[in-house]
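# Coordinate inspection notes
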Amino acid sequence: MPGGHTTVIQRVLERRGQRPASGDEGTTATVAVMVRVLPPPKALLAFEDAPLRALMEGRVRPDMLDCESAADEAQALRCFEAEFRPVVLTDSAEVVRKIRARSALRAPYILYVAELDDSAEREAGLTAGADDCVGRRVSEREFEARVGAAKRIAELETVLRITLAENRKLSAIDDLTRVASRRFFGKHFPREVERAARYARSLSLILCDIDNFKKINDTLGHAAGDDILRQFGPRLQRQLRKGIDWVARIGGEEFAIVTPETDYESALAVARKLRAAVGETAFRATSKKLQVTASFGVCGMDRVPVGESRLAERVLKIADAALYRSKKDGRNRVTAAILKGRGD
Ligand code: GH3
Ligand code: MG
Ligand code: MG
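The model shown is predicted, which means the values in this text are computed figures rather than measured ones. (Residues numbered from 1 in each chain as written. Chains lettered and ligands numbered in written order. Predicted model: local features only at pLDDT ≥ 70, side-chain atom pairs only at ≥ 80, totals over all residues. Heavy atoms only, no water.)

So, about the site of ligand 1. Contacts to ligand 1 come from 17 residues, most closely from Phe 213, Asn 217, Asp 226, Arg 249 and Arg 331. Arg 331 has a polar side-chain atom sitting 2.7 Å from an oxygen atom of ligand 1. Broken down by element, the residue count for the shell around ligand 1 peaks at four residues, all from helix 10 (residues 222-238). Taken together, the residues that form the shell around ligand 1 break down as four nonpolar, five polar and eight charged. (Near = heavy atom within 4 Å. Polar contact = N/O pair within 3.5 Å; in protein donor to acceptor, adjacent residues only side chain to side chain. Helix = DSSP H or I, 4+ residues; strand = E, 2+ residues; numbered from the N terminus. Nonpolar A, V, L, I, M, F, W, Y, C, P; charged D, E, K, R; others polar.)

Attention now goes to the sheet that holds strand 8 (residues 254-260). The strand order across the open sheet formed by five strands is 7-8-6-11-12, and the pairing between neighbours is mixed. Strands at the two margins of the open sheet, each flanked by one partner only, are strand 7 (246-251) and strand 12 (334-338). Strand-to-strand, the axes of this sheet are offset by a mean angle of 20°, without reference to chain direction. Sheet strands in contact with helix 8 (residues 182-198) are strand 6 (203-210), strand 7 and strand 8, and its direction is about 130° off that of strand 7. Along the sheet face, helix 10 touches strand 6, strand 7, strand 8 and strand 11 (294-301) and points at about 15° away from the line of strand 8. (Pairing = 2+ DSSP bridges. Axes fitted to C-alpha atoms, helices over the stretch in contact; angles between N-to-C directions. Contact = heavy atoms within 4.5 Å.)

We note that the domain assignment places domain 1 (3-20 + 170-338) and domain 2 (42-162) within the chain. Using only C-alpha atoms to locate each centre, domain 1 and domain 2 end up separated by 47 Å. (Domains from an automatic or database assignment.)

What follows deals with the sheet that holds strand 3 (residues 87-90). Pairing between the strands of a sheet comes from backbone hydrogen bonds, and it takes one of two forms, parallel or antiparallel. Ordered in space as 2-1-3-4-5, the five strands form an open sheet in which the pairing is parallel. The open sheet has two edge strands with one neighbour each: strand 2 (66-70) and strand 5 (132-135). Strand after strand, the sheet turns through a mean of 20° between neighbouring axes, direction not considered. Both strand 4 (residues 109-114) and strand 5 contribute to a ladder of four bridges, which runs parallel. Within strand 5, the residue paired with Leu 111 across the bridge is Asp 132. Here helix 5 (residues 93-101) sits on the sheet and contacts strand 1 (42-46), strand 3 and strand 4; the angle it forms with strand 4, its principal contact strand, is near 165°.

Moving on to the state of the cysteines. Simply put, the disulfide is a covalent bond whose two ends are the sulfur atoms of two cysteines. This structure, assessed with the given rule, holds zero disulfides. Not part of a disulfide, Cys 67 finds its nearest cysteine sulfur in Cys 79, a span of 12 Å. (Disulfide = S-S within 2.5 Å.)

What follows is about the coordination of the magnesium ion (ligand 2). Here the magnesium ion (ligand 2) is held by Asp 209 (OD), Ile 210 (O) and Glu 253 (OE), and the distances to it run 1.9 to 2.2 Å. Considered as a linear motif, the donors of the magnesium ion (ligand 2) on their single chain read D-I-x42-E. Between the magnesium ion (ligand 2) and the magnesium ion (ligand 3), a spacing of 3.6 Å is present, and a bridge between the two is formed by Asp 209. Pair noted here: Asp 209 is in strand 6 and Glu 253 is in the loop between strand 7 and strand 8, with a separation of 44 residues, a long-range link. (Donors = N, O, S within 2.8 Å, 3.2 Å for Na, K, Ca; no water.)

Looking now at the pattern of salt bridges. All chains considered together, the criterion is met by 29 salt bridges. Where Glu 115 meets Arg 136, a salt bridge forms, and the shortest distance between an N and an O atom there is 3.2 Å. Placement of the pair is Glu 115 in the loop between strand 4 and helix 6 (119-128) and Arg 136 in the loop between strand 5 and helix 7 (140-170), with a sequence separation of 21 residues. Classification of Glu 115 as partly exposed rests on a relative accessible area of 42%. Taken together, the salt bridges that share partners define one network made up of Glu 73, Glu 94, Arg 97 and Lys 98. (Salt bridge = Lys/Arg side-chain N within 4 Å of Asp/Glu carboxyl O. Buried < 20%, exposed > 50% of the residue type's maximum accessible area, 1.4 Å probe, protein only.)

Below you can see the structure in the form of structure tokens.
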């Protein structure tokens, strides 16, 4: 066939052109876009020397860093305590030392502007904890390059933080409690409902919310609250059938327990067992032991009705209303509701 070869080669080339970017190229492009759309990093200019401060304010363009100035050490530290800045430019080794001494987890990039451009001064700045050091008579071009490096590091850290937060959200497992995530619940609970409806099986949903959790946080601290949450998910899970029932953390201190092949009466019994398991032994919260209770709301279905639209949503609403009832009636209790199909 005339022109046959050309057609094949063309097809190969076209296909190659359509092939999606490799993982690496894709990542590079994504990072580039993320960096491009970020606003300039916030920076603190802490210069005690007023003429130098004015010079620096003029030199750092607003598209490089979003700057705020402080005139002395106390003001600089106050500003920094009030709001974290990923970049700090300063002429004070004391400011460098004090910012580095903070026990906070996030550390800024610090550019120390030394009085003299000599190695002893540079060493003093770096020893105090600066990341980089320039003399105050640095050329405009060098200064811009060094601020550019600070900007790039601050931006990359922001991109990393955004990515980690997004990853956490995408995850099927909740970090703290090691049970299923809210996202997993949102996707898989409707599937469980559909499946049960298709085979006309039973299915129940139990919601559980820890009582007065805010008070625990307020009196023992957030870390103690986290400790309890960490033990809470596994404690629920231990009471359930392995590989069939599953637990998801759907809110701060709120959990959903999905129990397939479980009718109203059985679900009520499971919820009672869970309530007892929560209350009967104390939780370890930092170094203390703490008695905790939880309230439960059940929506039980002896036979999941078929052809109901948004059934999963309705089940969740019914269980939530039952949970609300448990709270209203004094907490540490189980309230159950049954959902029947039209013909039942
Ligand atoms: P109720 O008995 O009515 O449920 O009262 P509550 O205090 O448990 O409920 P409320 O909704 O008022 O407060 C829930 C608290 O849970 C507030 C929030 O700070 C805390 N919380 C949410 N997520 C977490 C977390 O991951 N760790 C910790 N330690 N606390 C959390
Ligand atoms: Mg609560
Ligand atoms: Mg709650």
